[in-house]
Amino acid sequence: MKIVFATNNAHKLAEVQAVLGDAYELVTPRMCGVEEEIPENQPTLEGNASEKSHYLRARTGLDCFADDTGLEVEALDGAPGVHSALCLRRSRLRGQQPPAAAQLEGEANRRARFRTVISLLVGDEEHLFEGVVEGRIVERESGAEGFGYDPLFVPDGCDRTFAEMSPDEKNAVSHRGRAVRKLAAFLRARGEK
Ligand code: IMP
């Protein structure tokens, strides 16, 4: 079954395809002729995921899903959260450390979590799936795998950052892996009806 996934991020695409397996062929917006950046202007992860899936549906007419992810740092009252992408882009442009790392200097509480929300549009129904992983922010970036905040985040029960794990190891415990397994279970059950 073909399904459109609202990302042109090769890392995300590979992670999601690995969890969904061969039964689903992921199609990117670019492959459907959608070249522009898909808007995400909402104040919540749920809102952004939903805005992206609805945008793609309007442009392609196909069944599709979109995800939005935030890093929520306890000592920063849940920031950068829905602003994670913007904060990371800004710090890179300025040649600074990623925001979560810089703002936690001298802070004893390094607890954080990643949260992913997926919005799936099938037929005229929308379904949301959430995945969360708890962990902590390390003081120095470590590892070359993955993307985004991966070199800074160690999930609970592990002693390596996401960027020091193979894609399969990350998927087994990650926010996105958890959300996509819920999506996969839903699609399987729907297909069997
Ligand atoms: P978005 O969901 O693609 O908008 O991601 C928001 C921000 O979180 C971006 O800066 C991403 O690079 C980052 N991000 C998303 N997913 C992950 C992940 O699995 N690991 C690390 N960073 C991520």
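Our subject is the structure that appears above.
Reference entry: report on the structure contained in this document.

About the cut-offs
Residues numbered from 1 in each chain as written. Predicted model: local features only at pLDDT ≥ 70, side-chain atom pairs only at ≥ 80, totals over all residues. Heavy atoms only, no water. Helix = DSSP H or I, 4+ residues; strand = E, 2+ residues; numbered from the N terminus. Rg over C-alpha atoms; globule rule 2.2 N^0.38 Å. Buried < 20%, exposed > 50% of the residue type's maximum accessible area, 1.4 Å probe, protein only. Pairing = 2+ DSSP bridges. Near = heavy atom within 4 Å. Polar contact = N/O pair within 3.5 Å; in protein donor to acceptor, adjacent residues only side chain to side chain. Areas by Shrake-Rupley, 256 points an atom, 1.4 Å probe, with all protein chains shown as cover. 1 Å grid on protein atoms, 1.4 Å probe; cavity = no way out; pocket = protein on both sides within 12 Å on 5 of 7 lines; lining within 4 Å. Sits in = over half its atoms within 2 Å of the grid points. Nonpolar A, V, L, I, M, F, W, Y, C, P; charged D, E, K, R; others polar. Arc of directions from axis to C-beta. Contact = heavy atoms within 4.5 Å.

**Let's talk about the overall build of the protein chain**
Next up, step 1: Across its full length, the protein chain holds six helices and seven strands.
Next up, step 2: Start at the N end of the protein chain and walk to the C end: the helices and strands fall as β-α-β-α-β-β-α-α-β-β-β-α-α.
Next up, step 3: Scaling as 2.2 N^0.38, a compact globule of 193 residues should have a C-alpha radius of gyration of about 16 Å, and the protein chain matches this with 17 Å.
Next up, step 4: Along the longest, intermediate and shortest principal axes, the C-alpha atoms of the protein chain span 50 × 30 × 25 Å.
Next up, step 5: By the burial criterion, 44% of the 193 residues in the protein chain qualify as buried.

**Describing the pairing of strand E6 (residues 125-137)**
Residues in a regular strand project their side chains so that they alternate between the two faces of the sheet.
Next up, step 1: Sheet topology places strand E5 (residues 111-122) next to E6; twelve bridges connect them, and they run antiparallel. Bridge pairing in E6 links Phe114 to Val133.
Next up, step 2: Hairpin geometry of E5 and E6 is characterised by an intervening segment of two residues between the two adjacent antiparallel strands and by a positive phi of about 55 degrees at Gly123.
Next up, step 3: Relative to strand E7 (residues 153-155), E6 runs antiparallel, the two sharing three bridges. Looking across to E7, one finds that Gly135 is bridged to Pro155.

**Looking at the site of the ligand**
Next up, step 1: Neighbouring the ligand are 15 residues, the closest being Lys12, Asp150, Lys170, His175 and Arg176.
Next up, step 2: Within the contact set of the ligand, a nitrogen atom lies 2.6 Å away from a side-chain nitrogen or oxygen of Asp150.
Next up, step 3: Between the ligand and Lys170, the relevant distance is 2.8 Å, taken from an oxygen atom to a side-chain nitrogen or oxygen of the residue.
Next up, step 4: The protein chains hide 90% of the 480 Å² of surface that the ligand would expose on its own.
Next up, step 5: Assessed atom by atom at 2 Å from the grid points, the ligand resides in the largest pocket.
Next up, step 6: Only strand E3 (64-73), helix H3 (84-93) and helix H6 (175-192) provide two or more residues apiece to the shell around the ligand.
Next up, step 7: Of all the elements, H3 adds the most residues to the shell around the ligand, at three residues.
Next up, step 8: Its residues assigned to classes, the shell around the ligand shows five nonpolar, four polar and six charged.

**Points about helix H1 (residues 10-20)**
Next up, step 1: All of the buried residues along H1 are Lys12, Glu15, Val16 and Leu20. Looking straight down H1, one finds its buried side chains confined to an arc of 125 degrees; they lie on one side.
Next up, step 2: Looking at the buried residues of H1, the elements they touch are strand E1 (2-5), strand E2 (25-27), E3, helix H5 (167-173) and H6.
Next up, step 3: For H1, the N-terminal capping position is held by Asn9, with its side-chain oxygen 2.8 Å away from the main-chain nitrogen of His11.
Next up, step 4: Looking one or two residues beyond H1, the residue adopting positive phi is Gly21, at roughly 75 degrees.

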